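Here is what each chain is made of, one letter per residue.
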Amino acid sequence: MLLLISPDGVEEAHECVKAAEHLDIVDVKKPDEGSLGANFPWVIREIRDAVPADKPVSATVGDVPYKPGTVAQAALGAAVSGATYIKVGLYGCTTPEQAVDVMRGVVRAVKEYRPDAFVVASGYADAHRIGCVNPLALPDIALRSGSDAAMLDTAVKDGTRLFDHVPSEICAEFVRRAHEADLLAALAGSVHVGDLGALTRIGTDIVGVRGAVCAGGDRTTGRIQPHLVAAFRAEMDRHAREHTAAVVTAG
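Cut-offs applied
- Residues numbered from 1 in each chain as written.
- Predicted model: local features only at pLDDT ≥ 70, side-chain atom pairs only at ≥ 80, totals over all residues.
- Heavy atoms only, no water.
- Helix = DSSP H or I, 4+ residues; strand = E, 2+ residues; numbered from the N terminus.
- Rg over C-alpha atoms; globule rule 2.2 N^0.38 Å.
- Buried < 20%, exposed > 50% of the residue type's maximum accessible area, 1.4 Å probe, protein only.
- Pairing = 2+ DSSP bridges.
- Salt bridge = Lys/Arg side-chain N within 4 Å of Asp/Glu carboxyl O.

This brings us to the overall build of the chain. Looking only at helices and strands, the chain features 10 helices and 8 strands. Its C-alpha atoms give the chain a radius of gyration of 17 Å, within 12% of the compact-globule value 18 Å for 251 residues. Seen along its three principal axes, the alpha-carbon backbone of the chain occupies a region of about 50 × 40 × 35 Å. Taken over 251 residues, the chain has a buried fraction of 53%.

This is the structure in structure tokens:
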């Protein structure tokens, strides 16, 4: 399971650099513009320059409306600015067809520029609160659009978490559908250390974290702390070892 950490700007990215050995992906977002709020192109560039070359940078394109052309341009901007993982929050898409339409435009725009870029179709565990596409539709949307991964986050940051809206068994079904489509499955949404056992068991490929590695556990007012990143990774590794041992014993 890969660990994706989301700093809110260049200053926090330098804190991620201090913990680079413990994380896999540095994710550029702007939390005050939403769950998957897009940051500025120059911020993406500065963060790309700041983090080690072997650590990929991802960038959120925003909690986007159903405007395929607008979103495709934004996604290309993120790729040009140095992101190799492009995440699109399908906030304004109310049907799978709309979501596929948006993501196809993103995939074409991004991969014509950089074929090795990694496009992530992102939905929301609390979709019922904002009226967007059902979480379990995301793997099929990603497959039909040519995306590389399906992701779930939470849209409303009010203290509720991923598993509050999508129980672990439904998350397991999400992961299973993604893997059947040969996609990676990413899960986020106020994930904390206590969720790692379930996330490991269901085969999550990427876990996205911010609040859990910020001072006070606060994604908005807290700042990323390198020692919290290290501790989170240590727990990830422990659960991975225990899960592997359990599988071997059962087998």
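Alright, that's what it looks like, and here's the rest.
So, on to the pairing of strand E6 (residues 149-153). Counting buried positions over the 5 residues of E6 gives 5, a clear majority of the element. Both faces of E6 are covered, namely the face carrying Ala149, Met151 and Asp153 and the face carrying Ala150 and Leu152. When strand E5 (residues 118-124) meets E6, the two strands line up parallel, connected through 5 bridges. Bridge pairing in E6 places Val120 opposite Ala149.

A separate point is unusual backbone geometry. The phi dihedral of Asp182 falls on the positive side, at around 65°, and the residue is not glycine. Following the sequence through the fold, Asp182 ends up in the loop between helix H8 (168-180) and strand E7 (184-187). We note that Ser190 has phi near 55°; this positive angle belongs to a residue other than glycine. Relative to the helices and strands, Ser190 resides in the loop between E7 and helix H9 (196-201).

Proximity of charged atoms lets side chains of opposite charge pair with each other. Tallied over the entire structure, the rule returns 23 salt bridges. Asp148 serves as the salt-bridge partner of Lys111, at 3.0 Å between the closest nitrogen and oxygen. Residue Lys111 is located in helix H4 (residues 96-113), and its partner Asp148 is located in the loop between helix H6 (138-145) and E6; the two are separated by 37 residues in the primary sequence. The residue Arg161 makes a salt bridge to Asp195 at a minimum N-O spacing of 2.6 Å. One end of the pair, Arg161, is in the loop between E6 and helix H7 (162-165); the other, Asp195, is in the loop between E7 and H9, with 34 residues separating them in the sequence. The burial state of Arg161 is the same as that of Asp195; both residues are buried.

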